[in-house]
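# Commentary on secondary and tertiary structure
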Amino acid sequence: MRRNNIRKTEVLIMAFALSASLLLTSCGNQNTNGDSVNENNSTTDEAGINHDYPVMLFSYDKNDTNYEEPEAFNSEHLGGNYGEIEKIEYYSPTTNATRNANVYLPYGYDKSKSYPVVYLLHGMSGTYEDYRVLGARPTAQNIVYEYNRNDMILVSFTVFTDVDGKQESDYGFSDLTARYDACENDVINALIPYINSHYSTKIGREYTGIAGYSLGGREALYLCFAHPDIFGYVGAFEPVGGVVNTGSGETSLYGNRGYLLPELVKESGEAPLLTLIVTGDEDPYCRVSSENYSRYMTEHSIDHIFYYRHGGHEAGVWNNGLYNFLRRIF
């Protein structure tokens, strides 16, 4: 209990220091770490955290290269408060059917305020429930407490789309990726409009992120770079290749459909405000594709974060990626 009290005191001290620093530098909307936007929120939760201070959007420290996750970062902490998970139904124009998704609300969700949103995409054989199991809700809320980040809404949905009533196991890998790629129609034309009309969200690329692991990482990269007007942040955790020609000949893995995009950033287009890629140093499936994406981005002057985390193609790497992604946005 004494440790929890010390931790709360440290958080309050950090909040006070941040408030003082921001007030002294409030004559501009930029800092040395990145573009940012001032917001004013005022909430005090039952854990004693007072959020009555200017909050900076997208002001992460670009010099912070510590990617180690703390102990129990994706678990509920004693004395902490966590929001609700709401299961929703929305119409899918791709499958011509009603589909489910989970909406993870921050603690103290208030309809009179508006919140940034992150869309979460699972990998092969996953469902919209995967991020509940991975601990997305406590991960996001713990980041709010420990890093003074803004409260956010998370949305996880089933990425695999099929109009023939088949299962993933009925497809070879090339055809399976096509069923994942087809989620674009649902995300852009159905899911995002549903979330924005049913929840109090901030709209705009500065307030919208997307992240995924494995096949979901491929789709997250694709959707963000294909729709830069909608998404401003992307996290790809051990992503499958094939979004763009990285010069590695990966197209052979995906049949004759070729690459999803001719280039990641179109001429005079906008790159994401933050791109984060992580791969396991022992990943037998997607280490090479992750490295190829990073190399391509470096060659094309696309600012991004790339790092290795010890592990294979596994949840430990994906959880680490989500933690590092969420604590650097909004």
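Residues numbered from 1 in each chain as written. Predicted model: local features only at pLDDT ≥ 70, side-chain atom pairs only at ≥ 80, totals over all residues. Heavy atoms only, no water.

## Section: the overall build of the protein chain
Operational definition: Helical segments are the DSSP runs of H or I of at least four residues, strand segments are the runs of E of at least two, and each set is numbered from the N terminus. Only protein chains enter the area calculation, which uses a 1.4 Å probe; residues under 20% of their type maximum are buried, those over 50% are exposed, and those in between are partly exposed. To be clear on the numbers: accessible area is Shrake-Rupley with a 1.4 Å probe, and residue cover counts the displayed protein chains and nothing else.
The secondary structure content of the protein chain amounts to 8 helices and 10 strands. Within the span of the protein chain, comprising 330 residues, buried residues form 54% of the whole. Here the protein chain displays about 14800 Å² of accessible surface, and carbon together with sulfur accounts for 48% of that area.

## Here's the deal with the packing of aromatic side chains
Basically, it comes down to this: Between rings of Phe, Tyr and Trp, where Trp is taken as its six-membered ring, a pair exists when centres lie within 6.5 Å; planes separated by under 30 degrees are stacked, by over 60 edge-to-face, and by other angles tilted.
Applying the stated criterion across every chain, the model contains 12 aromatic pairs. With centroids separated by 4.0 Å and ring planes inclined at 10 degrees, the aromatic side chains of Tyr67 and Tyr307 adopt a geometry described as stacked. Residue Tyr67 is found in the loop between strand 2 (53-57) and strand 3 (85-92), and its partner Tyr307 is found in strand 10 (residues 305-309); the two are separated by 240 residues along the sequence. An angle of 50 degrees between the planes, with centres 6.1 Å apart, marks the rings of Phe160 and Tyr180 as tilted. Here Phe160, found in the loop between strand 6 (153-157) and helix 4 (173-181), pairs with Tyr180, found in helix 4; they are 20 residues apart in sequence, far enough to count as distant. Each member of the pair Phe160 and Tyr180 is classed as buried.

## What about the pairing of strand 9 (residues 274-280)?
In regular strands, side chains alternate between the two faces of the sheet. Threshold: Should DSSP find at least two bridges between two strands, the strands are taken to pair.
The buried fraction of strand 9 is high, at 7 of 7 residues. The side-chain alternation of strand 9 yields two buried faces, one formed by Leu274, Leu276, Val278 and Gly280 and the other by Thr275, Ile277 and Thr279. The sheet contact formed by strand 9 and strand 10 spans 5 bridges and is parallel. Counted as the bridge partner of Leu276 is Ile305 from strand 10.

## A closer look at the pairing of strand 5 (residues 117-121)
Of all 5 residues in strand 5, 5 are buried; the element is thus mostly enclosed. Side chains Val117, Tyr119 and Leu121 of strand 5 all project onto a buried face; the interleaved residues Val118 and Leu120 project onto the opposite face, where all are buried too. One ladder, built from 5 bridges, connects strand 5 with strand 6; its direction is parallel. Pairing of Leu121 across the sheet is with Phe157, part of strand 6. Sheet analysis places strand 5 next to strand 7 (residues 208-213), joined by 5 bridges and oriented parallel. When the bridges of strand 7 are listed, Val117 appears paired with Thr208.

## A few points about the sheet that holds strand 6
Condition: Only the stretch in contact is used when a helix axis is fitted, and all axes are lines through C-alpha atoms; the angle between N-to-C directions ranges over 0 to 180 degrees. Note on definitions: a residue-residue contact is assigned when non-hydrogen atoms from the two residues lie within 4.5 Å.
Strands sit in the order 3-4-6-5-7-8-9-10 across an open sheet of 8 strands; the sheet is mixed. The sheet is open, and its two borders are formed by strand 3 and strand 10, each paired with just one other strand. Sheet twist, expressed as the mean angle between neighbouring strand axes with direction ignored, is 20 degrees. Sheet topology places strand 8 (residues 233-237) next to strand 9; 5 bridges connect them, and they run parallel. Among the inter-strand pairings, Tyr233 is bridged to a residue of strand 9, identified as Leu274. Packing of helix 5 (residues 183-198) onto the sheet brings it into contact with strand 3, strand 4 (97-104), strand 5 and strand 6, and relative to strand 3 it is tilted by some 135 degrees.

## Observations concerning the nonpolar core
Formally: Among the buried residues, those of types Ala, Val, Leu, Ile, Met, Phe, Trp, Tyr and Cys that are joined through side-chain atoms within 4.5 Å form a nonpolar core.
Core analysis: the biggest nonpolar cluster contains 47 residues, and Tyr119, Leu191, Ile210, Phe231 and Leu264 have the highest contact counts within it. For Ile210, the contacting residues outside a window of four places in its chain are Val118, Tyr119, Leu121, Ala220, Leu223, Cys224, Phe231, Tyr233, Val234, Gly235 and Phe325. Among the nonpolar cores identified, the runner-up in size contains 29 residues, and Tyr104, Leu154, Tyr233 and Ile305 belong to it.

## Re the pattern of salt bridges
Side chains that differ in sign of charge can pair as their charged atoms come close. Heads up, the rule is: Within this document, salt bridges are pairs made up of a side-chain nitrogen of Lys or Arg and a carboxyl oxygen of Asp or Glu, the two lying within 4 Å of each other.
Under the definition given, this model contains 13 salt bridges. Across the pair Arg179 and Asp162 runs a salt bridge, and its minimum N-O distance is 3.9 Å. Of this pair, Arg179 sits in helix 4 while Asp162 is found in the loop between strand 6 and helix 4, placing the two residues 17 residues apart along the sequence. Salt bridges here are not isolated pairs; linked through shared partners, they connect Asp64, Arg327 and Arg328.

## Concerning helix 7 (residues 287-299)
Formally: The span expected for a helix works out to 1.5 Å for each residue beyond the first.
Given a rise of 1.5 Å per residue, 13 residues ought to cover 18 Å, and the 18 Å separating the end C-alpha atoms of helix 7 matches this to within 8%. Where helix 7 is concerned, the buried positions are Ser289, Ser290, Asn292, Tyr293, Ser294, Tyr296 and Met297. Next to the buried residues of helix 7 lie helix 6 (215-226), strand 9 and strand 10. One or two steps after helix 7, the chain reaches Ser301, where phi turns positive at roughly 55 degrees.

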